[in-house]
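Residue-level listing of the chains:
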Amino acid sequence: QGQLQQSGPGQVKPSQTLSVTCAISGDSVSSNSVTWNWIRQSPSRGLEWLGRTYHRSEWYTDYAVSVKSRIRMSADTSRNQLSLQLNSVTPDDTAVYFCARGPSYTSGWYAFDIWGQGTMVTVSS
Amino acid sequence: DIQMTQSPSFLSASVGDRVTITCRASQDISDFLNWYQQKPGKAPELLIYGASTLQSGVPSRFSGSGSGTDFTLTISSLQLEDFASYYCQQSYNMPVFGPGTKVDIK
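Residue positions are given per chain, counted from 1 along the sequence in the order it is written. Think of it this way: whatever chain is written first is A, whatever ligand is written first is 1, and the rest follow in order. The predicted origin of the model limits local features to residues at a pLDDT of at least 70 and limits the giving and counting of side-chain atom pairs to 80 or more, whereas totals for whole chains, interfaces and linings rest on all residues. Each side-chain value is derived from all of the structure's non-hydrogen atoms; neither hydrogens nor water enter the calculation.

**Structural notes on the pairing of strand S5 (residues 45–49) of chain B**
All names here are of chain B.
Right, so step 1: Relative accessibility thresholds used throughout: buried, under 20% of the residue-type maximum; exposed, over 50%; partly exposed, between the two (1.4 Å probe, protein chains only). In DSSP terms, a helix is any run of H or I states spanning at least four residues, a strand is any run of E spanning at least two, and both are numbered starting from the N terminus. Burial within S5 is extensive, with four of its five residues counted as buried.
Right, so step 2: A strand pair is defined by DSSP finding two or more bridges across the two strands. Alignment of strand S4 (residues 33–38) against S5, held across three bridges, turns out to be antiparallel. Across the sheet, Tyr 36 pairs through a bridge with Leu 46, a residue of S5.
Right, so step 3: The loop that links S4 with its antiparallel partner S5 comprises six residues; one of these, Gly 41, has a positive phi angle of about 75°.
Right, so step 4: Both S5 and strand S6 (residues 53–54) contribute to a ladder of two bridges, which runs antiparallel. Each residue of the ladder has a partner; that of Ile 48, found in S6, is Leu 54.
Right, so step 5: The antiparallel hairpin formed by S5 and S6 contains three residues in its connecting segment, where Gly 50 sits at a positive phi of about 60°.

**With respect to the interface of chain A and chain B**
Right, so step 1: Contacts between residues were defined by any pair of non-hydrogen atoms, one from each residue, lying within 4.5 Å. Each side of the interface is counted separately: chain A has 20 residues, and chain B has 18 residues.
Right, so step 2: Two parts placed together each lose some accessible area; with a 1.4 Å probe, that loss summed over both constitutes the buried area. Across the interface of chain A and chain B, roughly 1600 Å² is buried in total on both sides, 68% from carbon and sulfur atoms.
Right, so step 3: A pairing counts as a salt bridge when a side-chain nitrogen of Lys or Arg comes within 4 Å of a carboxyl oxygen of Asp or Glu. Summed over the shared surface of chain A and chain B, the number is zero salt bridges.
Right, so step 4: Throughout this description, a polar contact denotes any pair of N or O atoms lying within 3.5 Å of each other; where both atoms belong to protein, one of them has to be capable of donating a hydrogen while the other can accept it, and for residues adjacent in sequence the pair is counted only when both atoms sit in side chains. The interface formed by chain A and chain B includes seven residue pairs in polar contact (both at pLDDT 80 or more).
Right, so step 5: Listing elements by their share of the side of chain A that touches chain B, those giving two or more residues are strand S4 (34–42), strand S5 (46–55) and strand S6 (59–63) of chain A.
Right, so step 6: With three residues, S5 of chain A is the largest single contributor of residues to the side of chain A that touches chain B.
Right, so step 7: Looking at side-chain class alone, the side of chain A that touches chain B contains 12 nonpolar, five polar and three charged residues. Three categories are distinguished: nonpolar for Ala, Val, Leu, Ile, Met, Phe, Trp, Tyr, Cys and Pro, charged for Asp, Glu, Lys and Arg, and polar for the others, with Gly belonging to the last.

**Some points on the sheet that holds strand S7 (residues 62–67) of chain B**
Residues and elements named next belong to chain B.
Right, so step 1: Read across the open sheet, the four strands follow the order S1-S3-S8-S7; overall the sheet is antiparallel. On the outer flanks of this sheet lie strand S1 (4–7) and S7, each paired with one strand and no other. If you compare each strand with its neighbour and ignore which way they point, the axes differ by 20° on average.
Right, so step 2: In this structure, S7 lies alongside strand S8 (residues 70–75), joined through six bridges in antiparallel fashion. Paired with Ser 63 across the two strands is Thr 74, which belongs to S8. Axes here refer to lines fitted to C-alpha atoms; in helices the fit is confined to the stretch in contact. Angles between the N-to-C directions go from 0 to 180 degrees.

Structure below.
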């Protein structure tokens, strides 16, 4: 059973860049049978899917429309980890950020069977 | 975009009760519907995927049904560890979660 361990700063200033990493154990970031997702949760927005990255014959990413102009997800195969960057943050981006695995056995755009522990990020000056 | 709604938003129940939570999609999503349980301060945990398939390790008192736009999560006999929030999520296309149902102790 895989595990996801997140790390990142708990506070970011408005207009700056939010960065969170997700270290993967028990699975490979390059696996062809999963997707790697970022999801956030706040009282105002609930659970909000931000995007995914995955490897098939090459790397693919899909981003939610709400953050598409500000987000970047990447995979580091040498460290077996994921990274999330969200630019130009505002207080509305204050949330708990989760990484999560989507396994292909769940079909469609996949469910999320393994989650990181969550990283609380507060956007405040 | 597909919108997801859940009812009720809040549910008060006792140990041993049968509990049903409803999730509705704004358009046909076939059976691409998943259910999660979340406890305070923890990440959500997958209970059911594909509308009715129990995730490995999930107790059999949990069940899911439905297809198209209307879905239900049923807990046949509520246990103390089941008091939590429950979310549905469509995986027909870009994932969207429902707003959640909090199950509290009566």
